[in-house]
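Working through the structure, step by step
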Amino acid sequence: MNDRKLVLPGDFLGEGRSGNNAFMDGNKVYSRSVGLVEEKGGVFFVIPLSGIYSPKRGDGVVGKVQEIIFSKFIIDINSPYEAVLSLSEATDEYIDLTKTDLTQYLNYDDLIFAEIISVSKTKNVQLSMKDRKCRKLRGGRVVNVTPAKVPRIIGKGGSMVEMIKETTNTQIVVGQNGIVWVKGDNEDIAIEAIIEVEKKSHVHGLTDKIKDMVEKRMTAEKRVRTDAEGRPHTSDRKVDAEDNHSPMHEDFNGDDD
Amino acid sequence: MTELELIKNGKRTDGRAFDELRPMEAKVGVLKNADGSAMFRIGNTVAVAGVFGPRKVFPKHQEVSDRAILRVRYNMAPFATSERSRPGISRRSTEISMVIREAIVPSLFLEEFPKTAVDVYIEVLQADASTRCAGLNAASLALADAGIPMRDLVASCSAGKIAGTVVLDIAGKEDTEGELDLPVAFYKKQNMITLLQMDGITNKEEIKEIVKLAIKGCDTVYQEQRSALKRKYMAESAIEV
């Protein structure tokens, strides 16, 4: 891993062409936000460290149905611009609009994972659910993170999120717009881990540290559960007593609403 | 007031040299709920700025289809001055909001976020001269913190004339008893002045000298702003993606 250089707005990056978050003055390239600079074949671009989510073509986002208008859904994608999901992009079925109530497909406040297929110059955003990975997200819980930190939550080649999924036995969907959907037996632990990643995103070797944390919480959780089920438990009474005071105890064994 | 009171033995009332700024402090990320925020202190003047957005424009008729609009509100807390000031908008705060807005707009790439609004709220918590400069400095930092694309940070400070001498960063008694106060906002990289106001009477030669001194002060402010931003984001530069 190499540490990339931190640049501030107005910093000179080099001579060449400008990519994302950079601007040109003559043939000189300058940064236009706080971020990390990168260069590829004479093109300088900056990965920003802050900012709201700006929709980009090809991004997978988690959104919420805000409105249903005749043959399309308006989706809130955690951005100043709302996205449009037309019915033809939502399903392959033939639907007779005069006879069907669209809420049977997607209702108000339903969560979906969808792909952005186009963003116009005036920021009209079009979504599609035709891709295999796109679906309606039923149940579960939602965490909001800073969109700039999403790459860290996903990790290198998805390593971070895969690790959390496996160790906590949950389903997790990370939207590029900073909305993370979690569902499973150990939602609490997974959410805790995600918040921890966001907070400590700059720490080296974070995946291993988070793994340690999650595994510890999981073993503690198992012990509390076996106790609650009334099974005899011989080893290490003292530790159990401590665990029972943890706030996690009440949250578990209950159904998610 | 006589000359003796404002300048003694080549020093000013607070012991500063003629071209010396008051001690400064800048901090980025001071408000939890804002998208970007910053505090800027110079001497006894303290300003906090919070940035919200880009977000949807309400009322909708203010929306512009090809760029974001920037809305700035400068407000002085009733307890900021020694005599309590009436809360709420005034002729003075409306004017300052406008000049700060116009000093910042040229630095931003507002066309990047069409149909949205960027709101900047500046609160002056303690006032001891140059509140518009402190507010402007905090606002520029907060905008950078919010990730609004910009050409450069804007730095601002004032210069003026007391007891017949040109000095930098008017404060305290110098403000009320001095002869001239001239706030300036400056973009270092563009070599451009975006705020220039004057309260007092002078001549052509002298004004050149005062502006030159103010620009020198802006440079010092600019360095302080940069190090404040670096302090917050340095840790995150070790990120691996």
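Note that the structure is predicted; figures quoted are calculated from it, not measured. (Residues numbered from 1 in each chain as written. Chains lettered and ligands numbered in written order. Predicted model: local features only at pLDDT ≥ 70, side-chain atom pairs only at ≥ 80, totals over all residues.)

Examining the overall build of chain B
The line we're drawing: Secondary structure follows DSSP: runs of H or I at least 4 residues long count as helices, runs of E at least 2 residues long count as strands, and numbering of each begins at the N terminus. Each residue is classified by how many other C-beta atoms fall within 10 Å of its C-beta atom, where C-beta atoms are placed from the backbone; a count of 20 or more means buried, 12 or fewer means exposed, and values in between mean partly exposed. Contact criterion: two residues are in contact if their C-beta atoms, reconstructed from the backbone, are within 7 Å.
For chain B, the count of helices and strands is 5 helices and 12 strands. On the principal axes, the C-alpha backbone points of chain B span a range of 60 × 40 × 35 Å. Split into buried and exposed, the 241 residues of chain B put 48% on the buried side. Partitioning the intrachain contacts of chain B with sequence separation of at least 6 by distance along the chain shows that 72% fall at a separation of at least 24.

Section: the overall build of chain A
The helix and strand inventory of chain A stands at 7 helices and 16 strands. Across the 257 residues in chain A, those meeting the buried criterion constitute 33%. The long-range fraction of contacts in chain A, counting pairs at least 24 apart against all pairs at least 6 apart in sequence, stands at 54%.

Focus: the domain arrangement of chain A
Residues and elements named next belong to chain A. Stated formally: Boundaries between domains were set according to an automatic or database domain assignment. Residues were grouped as follows: Ala, Val, Leu, Ile, Met, Phe, Trp, Tyr, Cys and Pro as nonpolar; Asp, Glu, Lys and Arg as charged; and all remaining residues, including Gly, as polar.
According to the domain assignment, chain A consists of domain 1 (6–48), domain 2 (60–137) and domain 3 (139–257). Across the boundary between the two partners, domain 2 contributes 9 residues, which contact 9 residues of domain 3. Sorting elements by how many residues they give to the side of domain 2 that touches domain 3 places strand β8 (residues 60–69) first, with 3 residues. Residue classes in the side of domain 2 that touches domain 3 are distributed as 6 nonpolar, 3 polar and no charged.

Quick look at the sheet that holds strand β1 (residues 6–7) of chain A
All names here are of chain A. Going by this rule: We treat two strands as partners when DSSP finds at least two bridges between them.
Spatially, β1-β6-β7-β3 is the arrangement adopted by the 4 strands of the open sheet, whose pairing is mixed. The sheet is open, and its two edges are formed by β1 and β3 (17–18), each paired on a single side. In this sheet, strand β7 (residues 43–48) lies alongside β3 in parallel orientation, the contact comprising 2 bridges. What sits directly across from S18, in β7, is F44.

Examining the pairing of strand β11 (residues 192–196) of chain B
Two faces, one strand: in a regular strand the side chains alternate between the faces of the sheet. Residue and element names in this part refer to chain B. The pairing of strand β10 (residues 180–187) with β11 spans 4 bridges and is classified as antiparallel. What sits directly across from F186, in β11, is I193. Two successive antiparallel strands, β10 and β11, enclose a turn made up of 4 residues, where N191 displays a positive phi of approximately 55 degrees.

Here's the deal with the packing of helix α4 (residues 187–199) of chain A against helix α5 (residues 206–228) of chain A
Residues and elements named next belong to chain A. Our working rule: Axes, fitted as lines to C-alpha atoms, cover a helix only where it is in contact. Angles between the N-to-C directions of the axes lie from 0 to 180 degrees. Any angle that falls under 35 degrees is termed roughly parallel, while one over 145 is termed roughly antiparallel, one within 65 to 115 roughly perpendicular, and all others oblique. Working rule for handedness: look at the near helix, and if it is turned counterclockwise from the far one by less than a right angle, call the crossing left-handed; if clockwise, right-handed.
The geometry of α4 relative to α5 is characterised by a closest axis approach of 10 Å and an angle of 155 degrees between their N-to-C directions. Of the possible angle classes, the one that applies to α4 and α5 is roughly antiparallel. Here the hand of the crossing between α4 and α5 comes out right-handed. Residues I189, A193, E196 and V197 of α4 lie in contact with α5, whose contacting residues are L206, I210, M213, V214, R217, M218 and E221. Looking at the contact of α4 with α5 residue by residue, the class counts come to 8 nonpolar, no polar and 3 charged.

Description of helix α5 (residues 204–233) of chain B
Put simply, the rule is: To estimate how far a helix should extend, the number of its residues minus one is multiplied by 1.5 Å.
Between the first and last C-alpha of α5(B) there are 43 Å, a value that for 30 residues agrees with the 44 Å anticipated at 1.5 Å per step. The complete set of buried residues in α5(B) reads I210(B), L213(B), A214(B), G217(B), C218(B), V221(B), Y222(B), Q225(B), R226(B), A228(B), L229(B) and Y233(B). Of the surrounding secondary structure, the elements contacted by the buried residues of α5(B) are β1 of chain A together with β3 (24–28), α3 (131–145), β8 (155–162), β9 (165–168) and β10 of chain B.

Digging into the packing of helix α3 (residues 159–168) of chain A against α4(A)
Any two packed helices are characterised by the angle at which their axes cross and by the distance between the axes. Residue and element names in this part refer to chain A. At a minimum axis distance of 10 Å, the contact between α3 and α4 shows a crossing angle of 155 degrees. The pairing of α3 with α4 is recorded here as roughly antiparallel in orientation. Regarding α3 and α4, the two cross each other, and that crossing is right-handed. Across the interface between the two elements, M160, I164 and T168 of α3 pack against I189, A190, A193, I194 and V197 of α4. By residue class, the composition of the contact of α3 with α4 is 7 nonpolar, 1 polar and no charged.

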